[in-house]
Amino acid sequence: MLQAGMVNALGAMSGTSLDGVDAALIRTDGVTIEGFGAHRYRAYSDSERAVLRAALGRWPGEDLGAALAVVQRAHAEAMAGFDGVDIAGFHGQTLAHEPGGRGTHQLGDGAALAEALRLPVVWDFRSSDVRLGGQGAPLAPFFHFACARWIGADQPVAFLNLGGVGNLTWVDPRHPGPEAAGALLAFDTGPANAPLNDLMQERRGLPYDADGALSLRGEVVEGALELFLDEGYFLKMPPKSLDRNDFSLMLDLVRELGDADAAATMCAMAASAVMRGMEHCPAPPAALYVTGGGRHNPVMMQMLGVSLDCPVAPVEAVGLDGDMLEAQAFAYLAVRVARGLPTSAPGTTGVRALVGGGEISHPAG
Ligand SMILES: Nc1ncnc2c1ncn2[C@@H]1O[C@H](COP(=O)(O)OP(=O)(O)OP(=O)(O)O)[C@@H](O)[C@H]1O
Ligand SMILES: CC(=O)N[C@H]1[C@@H]2OC[C@@H](O2)[C@@H](O)[C@@H]1O[C@H](C)C(=O)O
């Protein structure tokens, strides 16, 4: 087991948007963040993305050779050449997520990556949580607790990740640690960018609505928004988590709309899902800090700002890097796993007791 003390951890994340791999260094003992280091983004090529897209929804045992080769190559490239790394965290690519059913599937071979990088690699972070009755997601909340301390928060704050799917963490940093009952409440809010990306691909042949250019020109269609908010998911109490395509109905709801109105309405759906999610928070947070690609969409940000009762700002406002926060999270979690510390709790994934998820692979010799 890794001894207590500060180490340099390199984390990598390939998110549900399938855009590429983020890799980032942090210095931590798995409790406190001492500082952040170098980072890199390695994009998937169009052909690599097509291979990964075709593998979505597949489970271990199915034909995944081509997708696995893409994941391994992209991560080996993204994570190579960083100086002074002690340990690595490898999330893998989520292909399927069905916590109450078949489980959760992150494609990736940590043992092979440990050989390629010649580093100890922590991987398969979510399975044990699911096996013990948890959602297996979100897992960033323990890191968010450390971030709240790092930014000097002395009252509850919230972090919102607007990735393909949205997830919200409410943190009370006055507790002694993230494992304390009541320190964290976290869950997936609903779809964020994934359906908007699918719309852009379908109608414009573009991967996403860059800087909200199309959404800015549209009007929100209230009828479609109301139908969306009728979904039972929003009434469900946390814990709750989503697969990328759980809300494919969203595209159907905007099918008859013009491109700009459809895009604007989808932004409103993502923002309203967050608004509904905020109702679950035990107390209003002092601020909501937004991370993930959606913070670059001014329409989504503006809608959040007007609909929430607390200040809304990108995480950069408090000195964090919203493009790298998830990669940093899996670096931090890798150190926790290696030190035998928990990575999820009843308030984050709904697991019955504290769980430290993840396997550790060491390079041979
Ligand atoms: N400049 C921009 N303008 C508008 N949207 C953007 C911009 N940059 C990124 N995005 C959106 O953010 C998405 C990527 O976000 P991010 O990298 O946080 O997602 P992810 O990590 O793949 O997803 P998840 O967190 O669900 O696993 C893009 O697919 C796009 O929809
Ligand atoms: C199963 C899975 O990969 N879930 C992701 C996804 O992307 C956002 C949201 O859905 C969140 O639940 C999670 O990722 C973040 C990093 C998390 O675990 O905290």
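Use the structure listed above.
Owing to the predicted nature of the structure, the values given are computational and were not obtained by experimental measurement. (Residues numbered from 1 in each chain as written. Chains lettered and ligands numbered in written order. Predicted model: local features only at pLDDT ≥ 70, side-chain atom pairs only at ≥ 80, totals over all residues. Heavy atoms only, no water.)

Describing the overall build of the protein
Here is step 1 of the chain: When helices and strands are counted, the protein shows 12 helices and 12 strands.
Here is step 2 of the chain: A globule of 365 residues ought to have a C-alpha radius of gyration of about 21 Å, and the protein, at 19 Å, matches this closely.
Here is step 3 of the chain: If you line up the protein on its principal axes, its C-alpha atoms span 60 × 45 × 35 Å.
Here is step 4 of the chain: Charge-centre separation for the protein: the mean point of 25 positive side chains lies 4 Å from the mean point of 42 negative side chains. (Helix = DSSP H or I, 4+ residues; strand = E, 2+ residues; numbered from the N terminus. Rg over C-alpha atoms; globule rule 2.2 N^0.38 Å. Lys, Arg positive; Asp, Glu negative; His and termini not counted. Charge placed at Lys NZ, Arg CZ, Asp CG, Glu CD.)

So, helix H10 (residues 298-307)
Here is step 1 of the chain: All of the buried residues in H10 are Val 299, Met 300, Met 301, Met 303 and Leu 304.
Here is step 2 of the chain: Here the buried face of H10 lies against strand E7 (157-162), helix H6 (194-204), helix H9 (259-278), strand E10 (288-291) and strand E11 (312-314). (Buried < 20%, exposed > 50% of the residue type's maximum accessible area, 1.4 Å probe, protein only. Contact = heavy atoms within 4.5 Å.)

Here we look at the side chain of Thr 265
Here is step 1 of the chain: Checked against the element boundaries, Thr 265 lands in helix H9.
Here is step 2 of the chain: A polar side-chain atom of Thr 265 sits 3.0 Å from the main-chain amide nitrogen of Val 221.
Here is step 3 of the chain: Setting aside residues no more than four positions away along its own chain, Thr 265 makes contact with Glu 219, Val 220, Val 221, Ala 224, Leu 225, Val 254 and Leu 257. (Polar contact = N/O pair within 3.5 Å; in protein donor to acceptor, adjacent residues only side chain to side chain.)

Thoughts on the site of ligand 1
Here is step 1 of the chain: The environment of ligand 1 is made up of 21 residues, and the closest members are Thr 16, Gly 164, Asn 197, Asp 211 and Glu 326.
Here is step 2 of the chain: Contact between ligand 1 and Asn 193: an oxygen atom at 3.5 Å from a side-chain N or O atom of the residue.
Here is step 3 of the chain: Considered on its own, ligand 1 offers 650 Å² of accessible surface; in the complex 87% of this is hidden by protein.
Here is step 4 of the chain: Looking at the shell around ligand 1, you find at least three residues from each of domain 1 (7-133 + 326-361) and domain 2 (152-318). (Near = heavy atom within 4 Å. Areas by Shrake-Rupley, 256 points an atom, 1.4 Å probe, with all protein chains shown as cover. Domains from an automatic or database assignment.)

Some points on the sheet that holds strand E9 (residues 184-191)
Here is step 1 of the chain: Pairing within the open sheet is mixed, and its five strands lie in the order E9-E8-E7-E10-E11. The outermost strands of the open sheet, each flanked by one partner alone, are E9 and E11. Here the average twist between neighbouring strands, direction ignored, is 20 degrees.
Here is step 2 of the chain: Inspection of the sheet shows E10 paired to E11 by three bridges, in the parallel sense. The residue bridging Leu 288 from the neighbouring strand is Val 312, located in E11.
Here is step 3 of the chain: Most of the contacts of helix H5 (residues 141-150) go to strand E8 (residues 165-171), to which it runs at about 50 degrees, and overall it touches E7, E8 and E9. (Pairing = 2+ DSSP bridges. Axes fitted to C-alpha atoms, helices over the stretch in contact; angles between N-to-C directions.)

Some remarks on the pattern of salt bridges
Here is step 1 of the chain: With the rule as written, the count across this model stands at 16 salt bridges.
Here is step 2 of the chain: Arg 49 is the salt-bridge partner of Asp 46, the closest N and O atoms lying 3.2 Å from each other. Of this pair, Asp 46 and Arg 49 both sit in helix H1 (residues 46-55), three residues apart, roughly one helical turn.
Here is step 3 of the chain: Residue Asp 252 is joined to Arg 255 by a salt bridge in which the shortest nitrogen-to-oxygen separation is 3.2 Å.
Here is step 4 of the chain: Here Arg 255 falls in the partly exposed class, since its relative accessible area comes to 41%.
Here is step 5 of the chain: Taken together, the shared-partner salt bridges connect Arg 42, Glu 48, Arg 73 and Glu 77 into one network. (Salt bridge = Lys/Arg side-chain N within 4 Å of Asp/Glu carboxyl O.)

Things to note about the side chain of Gln 93
Here is step 1 of the chain: Along the chain, Gln 93 falls in strand E4 (residues 87-98).
Here is step 2 of the chain: We classify Gln 93 as buried; its relative accessible area is 1%.
Here is step 3 of the chain: Side-chain polar atoms of Gln 93 contact the side chain of Ser 14, separated by 2.4 Å.
Here is step 4 of the chain: Once residues lying within four places of it in the same chain are set aside, the contact partners of Gln 93 are Ser 14, Gly 15, Thr 16, Leu 18, Tyr 44, Val 71, His 105, Gln 106 and Leu 107.

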